[in-house]
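Architecture at a glance
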Amino acid sequence: MLNFLSEAVNSIPSKFWWVLSGMLALLLIATVIGRWLAYKKSGDVIDNLNHRINAWWGMVAILVLCFIFGKVATLVLYGLLSFFALREFITLTPTRRADYWALVFCFYVAIPLQYWLIGIEWYGLFVMCLPVYGFLILPAIQALSGDTQAFFERTTKIQWGMMLTIYCLSYAPALLLLQNLEFQGQGLLLLMYLLIVVQLSDVFQYVVGKLFGKHKLAPNVSPSKTVEGLFGGGAIAVAIGTALWWITPFSIGYAALFSLVIVICGFLGGLSLSAVKRSMGAKDWGTMISGHGGIMDRIDSVLFAAPVFFHLVRYTYF
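Residues numbered from 1 in each chain as written. Predicted model: local features only at pLDDT ≥ 70, side-chain atom pairs only at ≥ 80, totals over all residues. Heavy atoms only, no water.

Here we take up the overall build of the protein chain. From N to C terminus, the protein chain includes 11 helices and 2 strands. Helices (α) and strands (β) of the protein chain occur, in sequence order from the N terminus, as α-α-α-α-α-α-α-α-β-β-α-α-α. Taking 2.2 N^0.38 as the reference for a compact globule, 318 residues should give roughly 20 Å; the C-alpha atoms of the protein chain span a radius of gyration of 20 Å, in line with that estimate. Overall, the C-alpha framework of the protein chain stretches about 60 × 50 × 40 Å when taken along its three principal axes. Sorting the 318 residues of the protein chain into buried and exposed places 48% on the buried side. Residue pairs at least 24 apart in sequence account for 75% of intrachain contacts in the protein chain once pairs closer than 6 positions are excluded. For the protein chain, the exposed area adds up to about 15,500 Å²; of that, 70% sits on carbon and sulfur atoms. Taking the average place of the 20 positive charges on the side chains of the protein chain and the average place of its 14 negative ones, the gap between the two points comes to 6 Å. (Helix = DSSP H or I, 4+ residues; strand = E, 2+ residues; numbered from the N terminus. Rg over C-alpha atoms; globule rule 2.2 N^0.38 Å. Buried < 20%, exposed > 50% of the residue type's maximum accessible area, 1.4 Å probe, protein only. Contact = heavy atoms within 4.5 Å. Areas by Shrake-Rupley, 256 points an atom, 1.4 Å probe, with all protein chains shown as cover. Lys, Arg positive; Asp, Glu negative; His and termini not counted. Charge placed at Lys NZ, Arg CZ, Asp CG, Glu CD.)

Before going further, it helps to examine the pattern of salt bridges. Going through the model one piece at a time under the given rule, you end up with 5 salt bridges. Between Glu 121 and Lys 71 there is a salt bridge, and its shortest N-O distance comes to 3.4 Å. Of the two residues, Glu 121 sits in the loop between α4 (100–119) and α5 (123–126) while Lys 71 sits in helix α3 (residues 44–92), which places them 50 residues apart along the sequence. Using a relative accessible area of 44% as the deciding quantity, one classes Glu 121 as partly exposed. Notably, a salt bridge pairs Arg 154 with Asp 99, separated by 2.8 Å at the nearest N-O pair. Taken together, the residues span a long stretch of sequence, with Arg 154 in helix α7 (residues 151–170) and Asp 99 in the loop between α3 and α4 at a distance of 55 residues. (Salt bridge = Lys/Arg side-chain N within 4 Å of Asp/Glu carboxyl O.)

Its location among the elements puts Thr 165 in helix α7. On the accessibility criterion, Thr 165 (0% relative accessible area) is buried. Taking the C-alpha atoms as reference points, Thr 165 and Ala 218, 53 residues apart in sequence, are found 24 Å from one another. For Thr 165, the residues in contact, after removing those within four places along its chain, are Ser 82, Ala 85, Leu 86, Phe 89 and Met 296. In this structure the side chain of Thr 165 is engaged in a polar contact, spanning 2.6 Å, whose partner is the backbone oxygen of Gly 161. (Polar contact = N/O pair within 3.5 Å; in protein donor to acceptor, adjacent residues only side chain to side chain.)

Glancing now at the domain arrangement of the protein chain. Looking at the protein chain, the domain boundaries give domain 1 (70–177) and domain 2 (184–317). Summarising the inter-unit geometry, the C-alpha centres of domain 1 and domain 2 are found 23 Å apart. Listed as interface residues are 24 residues of domain 1 and, on the opposing side, 29 residues of domain 2. The contact between domain 1 and domain 2 buries some 2,300 Å² in all, and 81% of this surface belongs to carbon and sulfur atoms. The largest share of the area that domain 1 buries against domain 2 comes from Glu 88, Leu 92 and Leu 175, three residues that together contribute 31% of it. Where domain 1 packs against domain 2, one counts 0 salt bridges. (Domains from an automatic or database assignment. Buried area = accessible area lost by both parts, 1.4 Å probe.)

Glancing now at the nonpolar core. Formed by 86 residues in total, the largest nonpolar core has its most connected members in Met 162, Met 192, Tyr 193 and Phe 309. The greatest single-element share of this core, amounting to 15 residues, is contributed by α3. Each of domain 1 (70–177) and domain 2 (184–317) accounts for three or more of the residues forming this core. Non-local contacts of Phe 309, meaning those with residues more than four positions away in its chain, are made with Leu 175, Leu 190, Tyr 193, Leu 194, Phe 250, Phe 258 and Ile 262. (Core = buried A, V, L, I, M, F, W, Y, C linked by side-chain atoms within 4.5 Å.)

In this section: the packing of helix α8 (residues 187–212) against helix α11 (residues 295–317). The N-to-C vectors of α8 and α11 enclose an angle of 135 degrees; their axes lie 10 Å apart at closest approach. Taken together, the axis directions place α8 and α11 in an arrangement best described as oblique. Note on packing geometry: the crossing formed by α8 with α11 is right-handed. Here Leu 190, Tyr 193, Leu 194, Leu 195, Val 198, Gln 199 and Asp 202 of α8 lie close against α11, whose contacting residues are Arg 298, Ser 301, Val 302, Ala 305, Ala 306, Phe 309 and Val 313. Grouping the amino acids of the contact of α8 with α11 by side-chain chemistry returns 10 nonpolar, 2 polar and 2 charged. (Axes fitted to C-alpha atoms, helices over the stretch in contact; angles between N-to-C directions. Parallel < 35°, antiparallel > 145°, perpendicular 65-115°, else oblique. Left-handed = near helix turned anticlockwise from the far one by under 90°. Nonpolar A, V, L, I, M, F, W, Y, C, P; charged D, E, K, R; others polar.)

With that settled, consider the UniProt feature "transmembrane region" (unreviewed entry) in the protein chain. The feature "transmembrane region" (unreviewed entry), as annotated in UniProt, sits at residues 16–37, 57–86, 98–117, 123–146, 158–178, 190–208, 229–248 and 254–276 in this numbering. Within the segment residues 16–37, helix and strand shares are 100% and 0% respectively, and the terminal C-alpha atoms sit 31 Å apart. Across residues 229–248, the secondary structure splits into 75% helix and 0% strand, with the terminal C-alpha atoms separated by 27 Å. (UniProt positions renumbered as here; feature names shortened; annotations may be inferred.)

Okay, helix α6 (residues 129–144) next. The terminal C-alpha atoms of α6 lie 21 Å apart, and with 16 residues this matches the ideal 22 Å at 1.5 Å per residue to within 8%. The axis of α6 is deflected most strongly, by about 25 degrees, at Phe 135, and proline Pro 139 appears within four residues downstream. Considered for burial, the residues of α6 that qualify are Cys 129, Leu 130, Gly 134, Leu 138 and Gln 142. Check the buried side of α6 and you find it contacts α4, α5 and α7. Note on α6: the residue one or two positions beyond its end, Gly 146, has a positive phi of about 85 degrees. (Expected span 1.5 Å × (residues − 1). Bend = angle between axes of the 7 residues up to and from the residue.)

In low-pLDDT segments, the atomic positions of the prediction should not be examined closely. When pLDDT is averaged across the protein chain, the result is 85; 90% of the residues are at 70 or more. Looking over the protein chain, one finds the lowest element-wise mean pLDDT in helix α1 (residues 2–11), namely 56, and the highest in α4, namely 95. (pLDDT = per-residue confidence, 0-100.)

Turning next to the packing of aromatic side chains. Counted by the stated rule, this structure contains 19 aromatic pairs. Here the aromatic rings of Phe 89 and Trp 160 are separated by 6.2 Å at their centres, their planes lie at 75 degrees, and the arrangement is edge-to-face. Of this pair, Phe 89 sits in helix α3 while Trp 160 sits in helix α7, and the two are 71 residues apart along the sequence. The buried category is assigned to Phe 89, whose relative accessible area is 1%. Of the residues examined, Trp 160 reaches a relative accessible area of 35% and is grouped as partly exposed. (Phe/Tyr/Trp six-rings, centres within 6.5 Å; stacked < 30°, edge-to-face > 60°.)

Set out below in structure tokens:
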């Protein structure tokens, strides 16, 4: 076991350790500031900030484990994320007893099948299996139950849940498939790049919005989103993404462009899924992550950004 860990650590690109060191330094500074603010003055915003920082420590630890244990561990992790995210989605958008077998298909067939296709690097089937075959199979399964009450609404909910929490999310670990002679075996760095830009965009949009936000973007959908937060926080995330061009195969110009696309798609994803929550009368998707709500509250931006980023990078560089 020790030999395996030693070999795994030695195989990790040095770029990862440089970025990880920076992330740990920033988290340490944020933790100290958060504790100091909590000591000086308590409040919901400060408590929320400290919960987010604590959760980020856990996220970084998981990211390190993915780099150490490689592709299989990463696919298993994202398979579990899809499972819990789909469970939150279905819980918040209630179904009927007649939908049982359609849900069995999603949880126990679609999830393992999608990540297995990525694992064996079958690109052609991975990109079309669920959008084509899964999309057609689900309403057929539901029709066989014989229950026609609100059939269209029920089918739409399950289909959209499958596409978001399984298909769209799976594009994040699918970045491991992208490699060329100059970027051989460094697909995890692309995944790391995506997560850093999309998560920092969320964080800085929240912080800038709280500090300087005056103009609400869509108050009935997401009260915390402001014009100042979007442009200010988004600009900071794009700047960081551009500065991290050296961990990717991108030029500086493409790093800026791709970072901008990630920020825009992430914003649209968060806004769209906030609308779903509001339509169901919920503030969060769940309570699984302290300070962050549910799994869906943390990955809503990734769901829209990952597929777009994957195809942009694939057709541009690979």
